[in-house]
Amino acid sequence: MRYYLGLDNGGTTTKAALYDKEGKEICVASMATEMLVPAPDFIERDMEEMWEANCTVIRSVLEKSGVSPEAVAGLAVCGHGKGLYLWGKDGKPVRNGIISTDNRAWKYPLRWEQDGILSRAEKLACQRAISCQPVALLAWLKDHEPECLDRIQWIFEAKDYIRFRLTGEAKAELGDYSGAHLINLHTKDYDMELLKLFGLEAYRDALPPLCESAKICGYVTKEAALKTGLKEGTPVAGGFF
């Protein structure tokens, strides 16, 4: 029998669920998500704790189900959309992750609308900017924590960060990033004109290569296998937000 593992990184819960090939749920393990509130409207998450939580629920669901790691044919990660998770050039998180309920950047979409930037950006991004999108959070960090941006290797959203920790492959799932206000939805790719409108063109190289939700985007590394109990080389799909 072959099984499939799903991971969910929500704003309140971290969960792993195991399914058979017919889609029948075999076992679930979950734990509460610890949120940090360093200031009013600031909602963050310790990125190392987040990774450890994923490792814990994976180990737990394998132990509870009695399914061997060799029987897990593949896994995928889903998670909350929006927010921001930055990985550093030193191989560590740049700062705490920012959850989608964060509202620190609420002034930025208002300012962009007044300046006429939003109407120009909408023609490319096909959406209205909101404060919890990566575009607004990156602009806020540029103004308030510029030293963070100098250390960035990769700009992630929640599930793409966890997939990166599982596989060591930096990828950005198109469905998730289509709501980040960083992609031209006509071309389905990052757009330098769009980034320039928001003053973020310097960070283009930190945006990971795009991938599709159902495609294999990497394989569980030896390090991640030791942490999670999964078999090294288990394929990991792009996943949904």
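Residues numbered from 1 in each chain as written. Predicted model: local features only at pLDDT ≥ 70, side-chain atom pairs only at ≥ 80, totals over all residues. Heavy atoms only, no water.

**Student:** Explain the overall build of the protein chain to me, please; I cannot follow it from the model alone.
**Tutor:** Across its full length, the protein chain carries 9 helices and 15 strands. A compact globule built from 241 residues should have a C-alpha radius of gyration of about 18 Å, and the protein chain, at 18 Å, falls within 12% of that. Expressed as lengths along the three principal axes of its C-alpha atoms, the size of the protein chain is roughly 60 × 40 × 30 Å. Sorting the 241 residues of the protein chain into buried and exposed places 53% on the buried side. (Helix = DSSP H or I, 4+ residues; strand = E, 2+ residues; numbered from the N terminus. Rg over C-alpha atoms; globule rule 2.2 N^0.38 Å. Buried < 20%, exposed > 50% of the residue type's maximum accessible area, 1.4 Å probe, protein only.)

**Student:** Hey, could you run me through empty space enclosed by the protein in this one?
**Tutor:** Over the atoms, a rolled probe matching the size of one water molecule traces out where space is still vacant. Counted under the stated rule, the structure contains 1 cavity of 30 Å³ or more. Reported here for the largest cavity is a volume of approximately 30 Å³. Forming the boundary of the largest cavity are Asn9, Gly10, Gly11, Thr33, Arg45, Met50, His80, Tyr85 and Ile99. (1 Å grid on protein atoms, 1.4 Å probe; cavity = no way out; pocket = protein on both sides within 12 Å on 5 of 7 lines; lining within 4 Å. Points joined across faces, edges and corners; volume = space filled by probe spheres on them.)

**Student:** I would appreciate a short explanation of unusual backbone geometry in the present structure.
**Tutor:** One non-glycine residue, lysine 82, adopts positive backbone phi at about 60°. With respect to the secondary-structure elements, lysine 82 resides in the loop between β6 (72-79) and β7 (85-88).

**Student:** Looking at this structure, how should I read the packing of helix α2 (residues 107-114) against helix α4 (residues 134-144)?
**Tutor:** When two helices pack together, their arrangement is given by the angle between the helix axes and by the axis-to-axis distance. Between α2 and α4, the least distance of the axes is 9 Å, while the angle of their chain directions is 100°. Compared by their axis directions, α2 and α4 come out roughly perpendicular. Taken together, the residues of α4 that come into contact with α2 (itself represented by Tyr108, Arg111 and Trp112) are Val135, Ala136, Ala139, Trp140, Asp143 and His144. Grouping the constituent residues of the contact of α2 with α4 by class yields 6 nonpolar, 1 polar and 2 charged. (Axes fitted to C-alpha atoms, helices over the stretch in contact; angles between N-to-C directions. Parallel < 35°, antiparallel > 145°, perpendicular 65-115°, else oblique. Contact = heavy atoms within 4.5 Å. Nonpolar A, V, L, I, M, F, W, Y, C, P; charged D, E, K, R; others polar.)

**Student:** Looking at this model, I keep getting lost on the environment of alanine 53. Mind explaining?
**Tutor:** Mapped onto the elements, alanine 53 comes out in helix α1 (residues 47-65). Taking C-alpha positions, alanine 53 is 8.8 Å from lysine 15, a pair spaced 38 residues apart along the chain. Among all residues touching alanine 53, those that are not within four sequence positions of it are Thr14, Met31 and Arg45.

**Student:** Sorry, what's going on with α1 here?
**Tutor:** For an α-helix, 3.6 residues make a turn, and residues three or four places apart therefore share a direction. If you check α1, its first and last C-alpha atoms are 27 Å apart, about what 19 residues at 1.5 Å a residue would give, namely 27 Å. All of the buried residues along α1 are Met47, Met50, Trp51, Ala53, Asn54, Cys55, Val57, Ile58, Val61 and Leu62. Two to three positions downstream of the cap, the backbone nitrogen of glutamate 48 sits 2.9 Å from a side-chain oxygen, assigning the N-cap of α1 to aspartate 46. The positive-phi residue at the C-terminal boundary of α1 is glycine 66, with phi of around 75°. (Expected span 1.5 Å × (residues − 1). Polar contact = N/O pair within 3.5 Å; in protein donor to acceptor, adjacent residues only side chain to side chain.)

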